[in-house]
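# Architecture and fold: a report
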Amino acid sequence: MELRDKVILVTGSSRGIGKEIALLFAKNGSKVVVNYHISNFEPDADKNAKKVVDQIKKNGSEAIALECDVSKEEQVRRMVEKVIETYKKIDILVNNAGIVYDIPCFKKTIEQWRETLNINLIGTFLCSKYVTKYMKQGRIINISSTNGINSFCPESMDYDASKAGIIILTRDLAKQLAPNILVNSIAPGWVNTNMNKNLPKKVVREEENKIYLKRFAEPEEIAKVALFLASDESSYITGTTIIVDGGYG
Ligand code: NAP
């Protein structure tokens, strides 16, 4: 798919799904902004982001890495301004950054609840708010989750609420930004990333059995859907959420 010279900002793209989105868009000719955030979840985020940028450049495309905690308004404002300073425009925003606390629901602190909502949901809003100051025509792709649609892991109420919020925020934004900006979300099921690295083997086997395709998705398989949603092939799709769960239940 041809996305030559499009400028894309992918939040949380130093690893996991975001990284694969960054690499796939670069392969298709886009200039990529790799956003990362050094935190307790990933103290080596800067090194990871640099590796993604180096890989993109080695393959002949353009990329920069920008640190920003997407839950902090001032940092988001500065990140977006830096993108405009560097590339003069933003064509595509992928709101991918997300966290989950694997802690039983009533053991989660209010601070953990707030952090999850702040990064996953409010971060999506903040990046959309500042990017749309400059994006006259383009695409916003939000990464939700099937957890935002059904109660698969009732322990993760905070995460589920943040992902459900992203689905309605997608619809609201799509209506407000039509017809020049198309806004959609992707709801992945299980994906092979660090987010699931601590799942007990037994749970993985049980969950794989419930998936029609009998395996978790690879992050590249989510990236391909993002590429479709950013391309001319999806010119009549807005306000919707595409479930990518390999068939489940
Ligand atoms: P991951 O490997 O844990 O990656 C999470 C990403 O989010 C990292 O790149 C991280 O960046 C970034 N991030 C976290 N907090 C941030 C903040 N405050 N500011 C900026 N970036 C931040 O998980 P993943 O599976 O790739 O997750 C990507 C998205 O897919 C998330 O929204 C997740 O909820 C969603 N999702 C995942 C699955 C799954 O099964 N894996 C299923 C459905 C939906 P740093 O490393 O730079 O901190």
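Let me begin by describing the structure that accompanies this report.

Analysis parameters
- Residues numbered from 1 in each chain as written.
- Predicted model: local features only at pLDDT ≥ 70, side-chain atom pairs only at ≥ 80, totals over all residues.
- Heavy atoms only, no water.
- Helix = DSSP H or I, 4+ residues; strand = E, 2+ residues; numbered from the N terminus.
- Rg over C-alpha atoms; globule rule 2.2 N^0.38 Å.
- Contact = heavy atoms within 4.5 Å.
- Areas by Shrake-Rupley, 256 points an atom, 1.4 Å probe, with all protein chains shown as cover.
- Lys, Arg positive; Asp, Glu negative; His and termini not counted.
- Charge placed at Lys NZ, Arg CZ, Asp CG, Glu CD.
- Pairing = 2+ DSSP bridges.
- Axes fitted to C-alpha atoms, helices over the stretch in contact; angles between N-to-C directions.
- Right-handed = clockwise from strand over helix to strand, strands pointing away.
- 1 Å grid on protein atoms, 1.4 Å probe; cavity = no way out; pocket = protein on both sides within 12 Å on 5 of 7 lines; lining within 4 Å.
- Points joined across faces, edges and corners; volume = space filled by probe spheres on them.
- Nonpolar A, V, L, I, M, F, W, Y, C, P; charged D, E, K, R; others polar.
- Buried < 20%, exposed > 50% of the residue type's maximum accessible area, 1.4 Å probe, protein only.

## Quick word on the overall build of the protein
In terms of helices and strands, the protein carries seven helices and seven strands. Mapped in sequence order, the helices and strands of the protein form the string β-α-β-α-β-α-β-α-β-α-β-α-α-β. Whereas a compact globule of 249 residues would reach a radius of gyration of roughly 18 Å, the protein reaches 17 Å, a difference of no more than 12%. Dimensions of the protein along its principal axes, counting C-alpha atoms only, are 50 × 40 × 35 Å. In the protein, of all internal contacts separated by at least 6 residues, the share reaching a separation of at least 24 is 74%. Carbon together with sulfur atoms contributes 52% to the accessible area of the protein, which is approximately 12500 Å² in total. Counting 35 positive and 31 negative side-chain charges, the protein places the centres of these two groups 2 Å from one another.

## Quick look at the sheet that holds strand β5 (residues 138-143)
The strand order β3-β2-β1-β4-β5-β6-β7 describes an open sheet built from seven strands, whose pairing is parallel. Edge strands, defined here as strands with exactly one partner in the open sheet, are β3 (63-67) and β7 (241-244). Ignoring strand direction, the axes of neighbouring strands in this sheet form an average angle of 20°. Bridge count between β5 and strand β6 (residues 181-188): six bridges; the pairing is parallel. Across the sheet, the residue bridging to glycine 138 is isoleucine 181, located in β6. Across the sheet, helix α5 (residues 157-177) touches β5, β6 and β7, and the angle it forms with β6 is around 165°.

## Re the pairing of β3
Relative to β3, strand β2 (residues 31-36) runs parallel, the two sharing five bridges. The residue of β3 that forms the bridge with valine 32 is alanine 63. This β-α-β element, β2 to helix α2 (residues 45-58) to β3, shows right-handed connectivity.

## So, empty space enclosed by the protein
For the structure shown, the criterion picks out one cavity of 30 Å³ or more. The space that makes up the largest cavity amounts to roughly 30 Å³. Thr11, Val70, Asn95, Asn96, Ala97, Ile119, Gly123, Thr124 and Cys127 are the residues that line the largest cavity. The element that contributes the greatest number of residues to the lining of the largest cavity is helix α4 (residues 110-131), accounting for four residues. When grouped by side-chain class, the residues that make up the lining of the largest cavity number four nonpolar, five polar and no charged.

## Looking at unusual backbone geometry
The omega torsion of the bond from alanine 178 to proline 179 falls at 0°, within 30 degrees of zero and hence cis. Relative to the helices and strands, proline 179 is located in the loop between α5 and β6. For lysine 88, which is not a glycine, the phi torsion comes out positive at approximately 70°. By the element assignment, lysine 88 lies in the loop between α3 (73-87) and β4 (92-95). Here lysine 88 falls in the exposed class, since its relative accessible area comes to 63%. A positive phi angle, close to 60°, is found at lysine 214, a residue other than glycine. Position of lysine 214 among the secondary structure elements: in the loop between α6 (201-210) and α7 (219-230).

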